[in-house]
Amino acid sequence: MPLTGPVSHGKKFFCPACGALYTVTYKRGEKKEITTAKCVVCLKVMAETDSASVPVYTLIHRPEDA
Ligand SMILES: [Zn+2]
């Protein structure tokens, strides 16, 4: 059974550097490429992936709001 079902959403991710809260969803890329996700709050690299599933980080809470 191919993995073509709807992408689960709402996976939580905390920036390891500043604690900002994101949700992560994945979109399907055309090809494998290295994607680097940077925190929009502290601008540090949170994660790197090299698969065809491209993670999209959506900021929910800045650490100042917590
Ligand atoms: Zn951060």
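Refer to the structure printed above.
What counts as what
Residues numbered from 1 in each chain as written. Predicted model: local features only at pLDDT ≥ 70, side-chain atom pairs only at ≥ 80, totals over all residues. Heavy atoms only, no water. Phe/Tyr/Trp six-rings, centres within 6.5 Å; stacked < 30°, edge-to-face > 60°. Helix = DSSP H or I, 4+ residues; strand = E, 2+ residues; numbered from the N terminus. Buried < 20%, exposed > 50% of the residue type's maximum accessible area, 1.4 Å probe, protein only. Pairing = 2+ DSSP bridges. Axes fitted to C-alpha atoms, helices over the stretch in contact; angles between N-to-C directions.

As for the packing of aromatic side chains
Right, on to step 1. Per the stated rule, a full pass over the model turns up two aromatic pairs.
Right, on to step 2. Here Phe13 and Tyr57 contribute two aromatic rings whose centre-to-centre distance is 5.2 Å and whose plane-to-plane angle is 70°, an arrangement assigned as edge-to-face. With Phe13 in strand β1 (residues 11-14) and Tyr57 in strand β5 (residues 53-61), this pair connects stretches of sequence that are 44 residues apart.
Right, on to step 3. Residue class for Phe13 comes out partly exposed when judged on its relative accessible area of 21%.
Right, on to step 4. Relative to Tyr57, the ring of Tyr22 lies with its centre 6.0 Å away and its plane at 90°, an arrangement referred to as edge-to-face. Placement of the pair is Tyr22 in strand β2 (residues 21-28) and Tyr57 in strand β5, with a sequence separation of 35 residues.
Right, on to step 5. When its relative accessible area of 1% is taken as the criterion, Tyr22 is described as buried.
Right, on to step 6. Members of the aromatic cluster, joined through ring pairs, are Phe13, Tyr22 and Tyr57.

Details of the pairing of β1
Right, on to step 1. Here β1 pairs with β2 via four bridges, running antiparallel. Counted as the bridge partner of Phe13 is Tyr22 from β2.
Right, on to step 2. Connecting the antiparallel pair β1 and β2 is a turn made up of six residues, with Gly19 showing a positive phi of about 85°.

Thoughts on the side chain of Thr35
Right, on to step 1. Inspection of the secondary structure assignment puts Thr35 in strand β3 (residues 35-38).
Right, on to step 2. You can call Thr35 buried: its relative accessible area is 18%.

Comments concerning the sheet that holds β1
Right, on to step 1. Spatially, β1-β2-β5 is the arrangement adopted by the three strands of the open sheet, whose pairing is antiparallel. Here the strands that pair on one side only, and so sit at the sheet edges, are β1 and β5. Strand-to-strand twist across the sheet, computed as the mean angle between neighbouring axes with direction ignored, equals 40°.

No statement about biological role is implied by the geometric values presented.
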